[in-house]
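Spelled out from the first residue to the last, the chains are:
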Amino acid sequence: MAETYILSYLPLFYNDLEEKVAYITDVLLNSDAANNLLDAVEKAIMDRLPFAESFEKYHSKKERKYLYYRIYVKGYTIYYVVIPAEHGKKIMEVRRILHNLQDRDQYI
């Protein structure tokens, strides 16, 4: 039987994403690029949802209750975990989006 995943987002993810979009829109003055990033992020997450545990694990330097997984999108990395839930379902909880030049060890 295939796994069923429920999608969930931490507020921290939304804060990260809003920060990236605001920078692209307000500092770089490129609203088209900001919208393209939003579309790409949404598509990548939705494409990953049916297969959340079938991809590369990220081993944080910090002790974690759940393993992190990564999704790469346009110079950014999305970090998520998979949490067991009731009735054979699991939660794919999207936690952070960081630019590839950010120090991930500081945030993850």
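Residues numbered from 1 in each chain as written. Predicted model: local features only at pLDDT ≥ 70, side-chain atom pairs only at ≥ 80, totals over all residues. Heavy atoms only, no water.

> What should I look at first to understand the sheet that holds strand β1 (residues 4-9) in this one?
Across the sheet, 5 strands lie side by side as β1-β5-β4-β3-β2; this open sheet has mixed pairing. If you trace the sheet from one side to the other, it starts and ends with β1 and β2 (57-58), each paired once. Here strand β4 (residues 76-84) pairs with strand β5 (residues 89-99) via 9 bridges, running antiparallel. Directly across from V81, in β5, lies its bridge partner E93. (Pairing = 2+ DSSP bridges. Helix = DSSP H or I, 4+ residues; strand = E, 2+ residues; numbered from the N terminus.)

> Could you clarify how one ought to interpret the pattern of salt bridges in this entry?
Should the charged atoms of two oppositely charged side chains come close, the side chains can pair. Under the counting rule described, the total for this entry stands at 6 salt bridges. The salt bridge involving R70 is made with E56; its shortest N-O contact spans 2.3 Å. Of the two residues, R70 sits in strand β3 (residues 68-73) while E56 sits in the loop between α2 (31-48) and β2, which places them 14 residues apart along the sequence. R95 is the salt-bridge partner of E93, the closest N and O atoms lying 2.6 Å from each other. As far as burial versus exposure is concerned, E93 and R95 are alike and both buried. (Salt bridge = Lys/Arg side-chain N within 4 Å of Asp/Glu carboxyl O. Buried < 20%, exposed > 50% of the residue type's maximum accessible area, 1.4 Å probe, protein only.)

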